Amino acid sequence: MKKIGILSYQGTVAEHKKALSKIEGVKPVEVKTLEALNSVDALIIPGGESTTISKLLNIFGLMEPLRRRIESGMPVWGTCAGLILLAKEIEGEAAHLKLMDISVKRNAFGRQLDSFYTSRLIPRVDDSPLPLVFIRAPLIKSVSKDAEILCEIDGNIVAAKQNNMLATSFHPEFTDDLRMHKYFIDMIKE
Ligand code: GLN
């Protein structure tokens, strides 16, 4: 049984938990404490408000321990706000975990596109298109070093991977499609 943590201070925790509970061989675990963090094989940082989640990571003293766990190879997946937390660079503000070689712009889609739904092929994940839900989503402006682009929309990067780190500016937890969650779980074996 693989224990998949969900950083549970704020955001799309229930949605990720529900998706994980439909996958065989996986136990979702809410992570708020160091003890819980140390018990999981991988961690999802959900969507929500990146500044709020960052503040709570500091208040609960988990920012440094989490950074160290990710640096030592624990698979991590940031969806939307989670992607912002992983980035080494955020346009116009200070970065948080500073781990992934991506440069990010928050709330990057214009007003009309504030929230939208589309679908795209992500060849590394599957050979048929995945449904993509965007909610006040960030964009990855550029990737560097070992970070690899997984998906682009009109030249804008919306998914990337760097070794044990996965980042998507969309929310698979708001769809019934489990392929992105399964792709992440497979990263545990890598
Ligand atoms: N706009 C949020 C932020 O900047 C991210 C939105 C989301 O996670 N859906 O933190």
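None of these values were measured; they are calculated from a predicted model.

Chemist: Give a detailed account of the site of the ligand, specifying residues and quantitative values.
Modeler: In the vicinity of the ligand, the residues found are Gly47, Gly48, Glu49, Ser50, Cys80, Ala81, Ile84, Arg106, Asn107, Ile135, Arg136 and His171. Note that an oxygen atom of the ligand is positioned 2.9 Å from one of the backbone N or O atoms of Gly48. Between Ser50 and the ligand, the recorded distance is 2.7 Å, taken from a backbone N or O atom to an oxygen atom. Coverage of the ligand by the protein amounts to 95% of the 300 Å² it exposes when considered alone. Counting atoms within 2 Å of the grid points, the majority share of the ligand lands in the largest pocket. Class assignment for the residues of the shell around the ligand results in four nonpolar, five polar and three charged.

Chemist: Summarise the nonpolar core; cite the residues concerned and give the values.
Modeler: If you look at the biggest cluster of nonpolar residues, it comprises 36 residues, and the most contacted ones within it are Leu7, Ile45, Leu66, Ile70, Leu97 and Ile102. Looking at this core element by element, the count peaks at five residues for helix H5 (residues 81–86). Setting aside anything within four residues of it in sequence, one finds Ile102 in contact with Leu83, Ala87, Lys88, Glu89, Ile140, Ser142, Val143, Ala147, Ala160 and Ala167. Judged by nonpolar contacts, the second largest core, of 34 residues, contains Cys80, Val158, Met180 and Tyr183.

Thresholds, definitions, all that
Residues numbered from 1 in each chain as written. Predicted model: local features only at pLDDT ≥ 70, side-chain atom pairs only at ≥ 80, totals over all residues. Heavy atoms only, no water. Near = heavy atom within 4 Å. Polar contact = N/O pair within 3.5 Å; in protein donor to acceptor, adjacent residues only side chain to side chain. Areas by Shrake-Rupley, 256 points an atom, 1.4 Å probe, with all protein chains shown as cover. 1 Å grid on protein atoms, 1.4 Å probe; cavity = no way out; pocket = protein on both sides within 12 Å on 5 of 7 lines; lining within 4 Å. Sits in = over half its atoms within 2 Å of the grid points. Nonpolar A, V, L, I, M, F, W, Y, C, P; charged D, E, K, R; others polar. Core = buried A, V, L, I, M, F, W, Y, C linked by side-chain atoms within 4.5 Å. Buried < 20%, exposed > 50% of the residue type's maximum accessible area, 1.4 Å probe, protein only. Helix = DSSP H or I, 4+ residues; strand = E, 2+ residues; numbered from the N terminus. Contact = heavy atoms within 4.5 Å.

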